[in-house]
Amino acid sequence: AFLKLLKDVSSIKATYNSNHTLTALYLPYFPTSNFQLLRNHMTTATIANQNSNSQRNPHAAGRDKVIETQLNSQTRKELCYLQGIDYTYSSIFAEIEPILLPNLLALTAEH
């Protein structure tokens, strides 16, 4: 539940609007590969939130999460698996208006 709150990959808009205020989350240790994967993704999300809060720029966290999750096919595939979302490579592009693609690519260049 916390992962979806921090990095909801069901859509680009959901990822961008994912929680930007949770900066620390302490989890008990469970020696399973899925737990380690889950923990790693939650840690990167809280770090993005910490960075955006220190800059007082919640839009930076949203932008960073979109770039990290939606534009990285391996990360997106892992997060879809962890969140129970059907993964297809082409589904991300179906949401994007073609006119916005240059702006999206510009965001990645800034990152």
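Structure first, text after, so check above.
Residues numbered from 1 in each chain as written. Predicted model: local features only at pLDDT ≥ 70, side-chain atom pairs only at ≥ 80, totals over all residues. Heavy atoms only, no water.

Novice: Quick rundown of the overall build of the protein? Include the residues and the values.
Specialist: Along its length, the protein carries seven helices and zero strands. Secondary structure elements of the protein occur, N-terminal to C-terminal, as α-α-α-α-α-α-α. A separation of at least 24 residues holds for 62% of the contacts in the protein among residues at least 6 apart in sequence. With the model as given, the accessible surface of the protein reaches about 6,900 Å², and the carbon-plus-sulfur share is 58%. (Helix = DSSP H or I, 4+ residues; strand = E, 2+ residues; numbered from the N terminus. Contact = heavy atoms within 4.5 Å. Areas by Shrake-Rupley, 256 points an atom, 1.4 Å probe, with all protein chains shown as cover.)

Novice: I'd like to hear about the environment of Thr43, residue by residue, with values.
Specialist: The residue Thr43 is located in helix α3 (residues 33–55) in this model. For Thr43, a relative accessible area of 37% translates into the label partly exposed. Side-chain polar atoms of Thr43 contact the backbone oxygen of Arg39, separated by 2.8 Å. (Buried < 20%, exposed > 50% of the residue type's maximum accessible area, 1.4 Å probe, protein only. Polar contact = N/O pair within 3.5 Å; in protein donor to acceptor, adjacent residues only side chain to side chain.)

Novice: Now, about the pattern of salt bridges: what can you tell me, with residues and values included?
Specialist: Inspection of the entire model under this criterion finds three salt bridges. Between Lys4 and Asp8 there is a salt bridge, with its nearest N and O atoms 3.2 Å apart. By relative accessible area, which is 36% here, Lys4 ends up partly exposed. The salt bridge involving Glu68 is made with Lys7; its shortest N-O contact spans 2.7 Å. Highlighted residues: Glu68 in helix α4 (residues 58–70) and Lys7 in the loop between α1 (2–6) and α2 (12–16), separated in sequence by 61 residues. Its relative accessible area of 25% is what places Glu68 among the partly exposed residues. (Salt bridge = Lys/Arg side-chain N within 4 Å of Asp/Glu carboxyl O.)

Novice: How would you explain the environment of Lys4 if you had to name every residue and give the values?
Specialist: Take Lys4: it is sitting in helix α1. Each C-alpha atom, one on Lys4 and one on Asn19, is 9.1 Å from the other, the two residues being 15 residues apart in sequence. Other than its neighbours up to four places away in sequence, Lys4 contacts Ser10, Ser18, Gln83 and Ile85.

Novice: Residue-level account of helix α5 (residues 73–83), with values.
Specialist: Residues of α5 that are buried include every one of Thr75, Arg76, Leu79, Cys80 and Gln83, and no others. Seen from one end, α5 has its buried residues packed into an arc of 135°, which puts them on one side. Gly84 sits one or two positions beyond α5 and adopts a positive phi of about 70°. (Arc of directions from axis to C-beta.)

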